[in-house]
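# Reading the structure
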Amino acid sequence: MSNADLGYVHALARVSAKMLKATLAGDTKTMTAEQKSMDVSWRS
């Protein structure tokens, strides 16, 4: 696995934790923002 792949996996894990907290809190604004940020980073 390349360093770029590891960086993506790390970012995904970090965002997943934020998404879980937001989901449990019913915070759809954070959920939407985090999803958009991952969509952009995946295309890079």
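Higher on the page you've got the structure.
We now turn to the structure provided with this report. All figures in this text were calculated on a predicted structure; none of them were measured in a lab.

Secondary structure assignment for the chain yields 2 helices and 0 strands. With 44 residues in all, the chain has 11% of them scored as buried. Taken as a whole, the chain presents about 3,600 Å² of accessible surface, with 63% of it coming from carbon and sulfur.

Below, the discussion takes up a nonpolar patch on the surface. Where nonpolar side chains cluster on the molecular surface, the patch consists of Met1, Leu6 and Val9 and spans about 330 Å² of accessible area. Take Val9: it is sitting in helix H1 (residues 3–25).

Further remarks concern H1. A turn of α-helix holds 3.6 residues, and therefore any two residues three or four places apart point the same way. Relative to the 33 Å expected for 23 residues at 1.5 Å per residue, H1 spans 33 Å between its end C-alpha atoms, a close match to the ideal helical length. Taken together, the buried positions of H1 are occupied by Ala11, Val15 and Ala22.

Calculation notes
Sequence positions are assigned chain by chain, starting from 1 and proceeding in written order. Residue-level local features of this predicted model are given only where pLDDT is at least 70; pairs of side-chain atoms are given and counted only at 80 or more, and the full residue set underlies all totals for whole chains, interfaces and linings. Hydrogens and water molecules were not included; the side-chain quantities draw on all heavy atoms of the structure. The numbering of helices and of strands both runs from the N terminus, where a helix is a DSSP run of H or I of at least 4 residues and a strand a run of E of at least 2. When a residue's accessible area, from a 1.4 Å probe over protein chains only, is under 20% of the maximum for its type it is buried; when over 50% it is exposed; and in between it is partly exposed. We get accessible surface area from the Shrake-Rupley algorithm with a probe of 1.4 Å; when it comes to residues, only the shown protein chains can shield them. Patch rule: a residue counts if its relative accessible area is over 30% and it has no salt bridge; like charges are joined within 9 Å, and nonpolar side chains (Val, Leu, Ile, Met, Phe, Trp, Tyr) within 5 Å. Here a salt bridge means any side-chain nitrogen of Lys or Arg lying within 4 Å of a carboxyl oxygen belonging to Asp or Glu. One less than the number of residues in a helix, times 1.5 Å, gives the span that helix is expected to have.

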